[in-house]
Amino acid sequence: MKPTTKFALAYTRAARGEIGQPNESIIRQKEAIHTYAQECGYTIVDYVEHINRSGLNYDFDWITESIAKDIRIRYVLVYTSDRFCRNFYVANTLKTYLEEKYNVIVDTVTKFHPCSLIN
């Protein structure tokens, strides 16, 4: 049986005031996501990058728009769950919503990272 392709949306976010320049944070996130995707058999078909976006911004229309744009997307790869937002409840609710409504799984590429809220 031919293995199923795991199509994914990669997401990165850097806010002002983070340690280092936002570009360094974005580069680090991209590298980790791309390495993880290669090692775990994901094909990244879309990429969303937010620079200077607060972790307290709870506008997630971008994610449903990306999923609607490419119905192959069944995974969202994110460096740590706090890249979505800094609120555990909101991050976990988004993860559950994506799974239940769109059958899309959020995969945190740095599982067990101390900043990861949802593993």
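A short tour of the structure in this document, coming up. (Residues numbered from 1 in each chain as written. Predicted model: local features only at pLDDT ≥ 70, side-chain atom pairs only at ≥ 80, totals over all residues. Heavy atoms only, no water.)

## Description of the overall build of the protein
Broken down by element type, the protein carries three helices and four strands. Beginning at the N terminus, the succession of helices and strands in the protein can be written as β-α-β-α-β-α-β. In the protein, which comprises 119 residues, the proportion classed as buried is 45%. Sequence separation of 24 or more characterises 75% of the internal contacts of the protein that already satisfy a separation of 6 or more. (Helix = DSSP H or I, 4+ residues; strand = E, 2+ residues; numbered from the N terminus. Buried < 20%, exposed > 50% of the residue type's maximum accessible area, 1.4 Å probe, protein only. Contact = heavy atoms within 4.5 Å.)

## Quick word on unusual backbone geometry
Positioned with a positive phi, asparagine 103 is a non-glycine residue whose angle comes to about 55°. Note on placement: asparagine 103 falls in the loop between helix H3 (88-102) and strand S4 (105-108). For asparagine 103, a relative accessible area of 53% gives the class exposed.

## Describing H3
For H3, built from 15 residues, the straight-helix expectation of 21 Å at 1.5 Å per residue is met to within 8% by its first-to-last C-alpha distance of 21 Å. Of the surrounding secondary structure, the elements contacted by the buried residues of H3 are helix H2 (61-69) and S4. (Expected span 1.5 Å × (residues − 1).)

## Topic: the packing of aromatic side chains
In the structure shown here, the tally under the stated rule is four aromatic pairs. Here tyrosine 11 and tryptophan 62 contribute two aromatic rings whose centre-to-centre distance is 4.2 Å and whose plane-to-plane angle is 20°, an arrangement assigned as stacked. Linking tyrosine 11 in strand S1 (residues 6-14) with tryptophan 62 in helix H2, this pair joins segments that are 51 residues apart in sequence. Take tyrosine 11: its relative accessible area is 0%, and that puts it in the buried class. Relative to tyrosine 102, the ring of tyrosine 97 lies with its centre 5.8 Å away and its plane at 75°, an arrangement referred to as edge-to-face. The structure contains a cluster of three or more aromatic residues connected by ring pairs, namely Tyr36, Tyr42 and Tyr75. (Phe/Tyr/Trp six-rings, centres within 6.5 Å; stacked < 30°, edge-to-face > 60°.)

## Focus on the environment of valine 45
Checked against the element boundaries, valine 45 lands in strand S2 (residues 42-51). For valine 45, a relative accessible area of 25% translates into the label partly exposed. Residues valine 45 and leucine 9, 36 residues apart in the sequence, show an inter-C-alpha distance of 6.1 Å. Those residues in contact with valine 45 that lie beyond four places of it in its chain are Phe7, Ala8, Asp70, Arg72 and Ile73.

## A few points about the pattern of salt bridges
Tallied over the full model, the rule gives four salt bridges. As a salt-bridge pair, glutamate 49 and lysine 30 come within 3.2 Å of each other at their nearest N and O atoms. With glutamate 49 in strand S2 and lysine 30 in helix H1 (residues 22-40), the pair connects residues that are 19 residues apart, well separated along the chain. On the accessibility criterion, glutamate 49 (31% relative accessible area) is partly exposed. Among the salt bridges present, the one from aspartate 70 reaches arginine 72, with a minimum N-O distance of 2.8 Å. (Salt bridge = Lys/Arg side-chain N within 4 Å of Asp/Glu carboxyl O.)

## A short note on the side chain of serine 66
Take serine 66: it is sitting in helix H2. What makes serine 66 buried here is its relative accessible area of 6%. Contacts of serine 66, omitting those with residues within four sequence positions, involve Leu9, Asp46, Val48 and Ile73.

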